[in-house]
Amino acid sequence: MTKITLKPKRQFSVPIEASVITPENFAAKTMEQIKLLEVWDGNRPTTLGSLFDVSSEPDGGDEMTIFIEGDVSKLRRIGKGMRSGSMTINGPAGMHLGEAMKGGTITVNGDAGSWLGARMRGGTIEVSGDAGDYVGSAYRGSREGMKGGQIFIHGNAGNELGCWMKKGFIRIGKNVSQLAGIHMTDGTILVEGDSEARIGAQMKGGRIVVLGKVANVLPSFSIEEIRNVVRAGEERLPGPFYVFAGDLTEGGEGRLYALKEKNPHLQFCEAYIE
Amino acid sequence: MNDELIIRNGIVVDPANDIDREVMDIAIRGGKIVRKASPSAKIIDASGMLVMPGGVDIHSHIAGSKTNAARVMRPEDHVRDFERKTALTRSGVGHSIPSTFTTGYRYARMGYTTVIEPATPPMKTRHTHEELNDIPIIDKACFPLFGNNWHVMEYLEKGDVDGCAAYIAWMLRSTKGYAIKIVNPGGVEAWHWGGNIRGLDWEVPNFGITPREIIRGLCKVNKILKLPHTIHVHPNNLGKPGNYLNTIKTMDCVKDLAEEGRAAIHITHCQFTSFKGEDWSTLRSGAEEIANYVNKVKHVTIDMGQIIFTATTTMTADGPFEYILHQLQGRKWHNTDVEAETGAGIVPVVYKRKNFVNTTQWAIGLELALLVKDPWRIYMTTDHPNAGPFTAYPRVISWLMSKKARENTMKRLNQGAVKKSNLPSLDREYSFAEMATVTRAATARALGLKDKGHLGIGADADVSIYGVNPKEVDPSNDYRAVRKAMRRAAYTIKEGEIVVRDGEIVKVIEGKTFWADARVPDDMEMKLQSELSEKFQDYYTIQAENYVIAEDYLARSAPIIPGGTR
């Protein structure tokens, strides 16, 4: 199929609604049609071609691939609802990247904004840098969070990661801010670094594994046991881990695993293991 | 300026004037229906189209602090439903709780021209009027809540009905309210203490009074003040299996107060209070019992509160009920206490087709509408947004007018609930005249709005014209055509102005706000005034002077003088 490359013509200053940038949307179109796709530059409608240099070249693969070269941190909703194909962004990406995505892959060589993979249903997102708040979460007020797919972030992630998550896998290479896994009902979150406070608040199910320091465990979590090996996604991680169940305020049956070695401040909990 | 208009050759359905599908011309001048217009009048060719009075909705939560709290609480309700601004109209959002402007546009597009906000805490009615002012095109009014008001309960406890009447008259004037709304009488006060009231003769905590006495007392007050509408009652035990008995008792408790042949009580969103059974698993329809009672007496009117299968938002002054709903469904919950007056709660819900309880509720609403024989005493509502958004009215109309429409919907519902329901055995199908009665003529009459809901000489020129021929179409089979036409009026005419054409807004005007300018004799008023400042001193965080909403606060004030001229 084709490889399409988008290069920003200038430094963007206001948010741009760019949900038209998806592999399927480009696949059935000629170069001219792609250039004429409507995007909103702030409060003005304009065309993709006026913001980007668009070029295409044939590609041996059987899927549509899109390359975005440059700073698109002002672009919102890139890859919204995409089902197949692949997209690579070499540079920082904006908010709502891969929103409600159902398949295909998105790779960001740089940072990603907030709401990365929000309402995601399938596919894979990989970010080499950091991501903002609400990664893989639900729309504000809604209870429909991530329901499938995988998100890999090699850097840090912000607050409320995996809010209302129901299925799928999120892996964070470094640290997460507050309230990771809030309201989650199933699925797995693996944090290789540290977590700030209130992790797993109001979770009803699912698993959160932290390989670094957990700032504190909510009082509505109760310690179950110490376990030597914990599974996260495909991997089996060596422990020992403190295993907490919660969030009990919601009658929750979620599990929070904190590596014993990095969490000496949780040692007092051991006395409560029945 | 020529403000004359002739609607030519329309097929008119005007049940209040016994006109059923007659081809005739309607002349309009100065915002009123007149006998004849001059030859220079603008002409609308309505040949082959259904012409009816503008729709009058008796119960729809469209404005006020609870509506706004729900908007804030439910961004996910708005995200998929939004309207862009046009040269004429403002942008807006909202599926179950539309923005104020959007509310006006959507009602007008369906041919509705008058809508009543049925529950406003008196103290927060300033906010309600601010929102009503922002709802364009349609006329409106609001009902202040009195069923748990401390002063009302104190007066009635002392047996001082006249004092209570003077207080309510002052309250209606001060809040620019239209009628007396009673929600879970005494129960919301009990909720202040974490409790509820489960029967008509339970005592309200800290007041030596029962719901029966509150309802009867306010019914007497309504009569003394000659208010245009009856008391508008949301009974105790709403949403509780087995509550139909309490509903019948509630209707019966004011039977002796009714004047011959006149209504004395309106039971609103009756579907929610027509539940039979012990608990949710044994839930059955009590519609037959309720309808039998309503058919037997003359003093009761009811509205449907028809369930629509969609995601919506429940909001009611019945705080304890919302708490139960929150406990049942685990959805987010908003709870409010309004000092000395009432409370309120908000919980989002999804009515699901395959759910036993929801299917039963759906059947109850329609059974009520089909079993109550007199269309002048049953009104079409969805208790917007509690049972469903008002935008679903065309769907409800198709269910009322077509057994086939009901059967087609029933196929997709919970079959266990359908089997236990009476609905499949009901063959009645509404005629166009009956449909026009339950959506406009009867509601206008129940509200005492003499110039609304009909097309007689002197009536307000609120007319809706639909692109469907009621002489040719068979609504029983071709219910989809009727439904489609009802969604987007060919024309909506409000006060003689064409506001909608082909389902699109073509002109935005400001609607009126009706309120009851109720008065009592001077001696009663003097006595009240001597007590009032003390009452506010004792019970309120604000002074009586600041409580009063001035008439110029309303964008277009339209006072109604109870009992006619003064």
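This text gives an overview of the structure that appears in the document. (Residues numbered from 1 in each chain as written. Chains lettered and ligands numbered in written order. Predicted model: local features only at pLDDT ≥ 70, side-chain atom pairs only at ≥ 80, totals over all residues.)

Right, let's get into the sheet that holds strand E12 (residues 231-234) of chain B. All names here are of chain B. Read across the open sheet, the 5 strands follow the order E11-E12-E13-E16-E20; overall the sheet is parallel. Edge positions in the open sheet fall to strand E11 (181-183) and strand E20 (378-379), since each of these has one partner strand only. Across 3 bridges, E11 lies against E12 in parallel orientation. Within E12, the residue paired with isoleucine 182 across the bridge is valine 233. Each of E11, E12 and strand E13 (265-267) is contacted by helix H8 (residues 211-225), which is oriented at about 160 degrees to E12, the strand it contacts most. (Pairing = 2+ DSSP bridges. Helix = DSSP H or I, 4+ residues; strand = E, 2+ residues; numbered from the N terminus. Contact = placed C-beta atoms within 7 Å. Axes fitted to C-alpha atoms, helices over the stretch in contact; angles between N-to-C directions.)

Once that is clear, we can look at helix H11 (residues 319-329) of chain B. Residues and elements named next belong to chain B. The complete set of buried residues in H11 reads Gly319, Pro320, Phe321, Glu322 and Leu325. In this fold, the buried residues of H11 make contact with helix H7 (187-191), strand E17 (311-316), strand E18 (334-338) and strand E19 (342-350). Among the residues trailing H11, glycine 330 stands out with phi positive, at a value near 70 degrees. (Buried ≥ 20, exposed ≤ 12 C-beta atoms within 10 Å, placed from the backbone.)

Another point: the interface of chain B and chain A. With 5 residues of chain B at the contact, the number on the chain A side is 4 residues. A class-by-class count of the residues in the side of chain B that touches chain A yields 3 nonpolar, no polar and 2 charged. (Nonpolar A, V, L, I, M, F, W, Y, C, P; charged D, E, K, R; others polar.)

Attention now moves to the environment of A:Asp59. All names here are of chain A. The topology assignment puts aspartate 59 in the loop between strand E5 (52-58) and strand E6 (65-69). By C-beta crowding, aspartate 59 is classed as partly exposed, having 13 other C-beta atoms within 10 Å. The spatial distance from the C-alpha of aspartate 59 to the C-alpha of glutamate 235 is 34 Å, given a sequence separation of 176 residues. Residues within four places of aspartate 59 in sequence aside, it is in contact with Met1, Thr2, Lys3 and Thr65.

A separate point is the sheet that holds strand E4 (residues 44-47) of chain A. All names here are of chain A. Here we have 4 strands laid out as an open sheet, ordered E4-E3-E2-E7, and mixed in their pairing. This sheet does not close on itself; its edge strands, each paired only once, are E4 and strand E7 (75-76). Pairing between strand E2 (residues 16-17) and strand E3 (residues 38-41): 2 bridges, direction antiparallel. Bridging from a neighbouring strand, isoleucine 16 pairs with aspartate 41 of E3.

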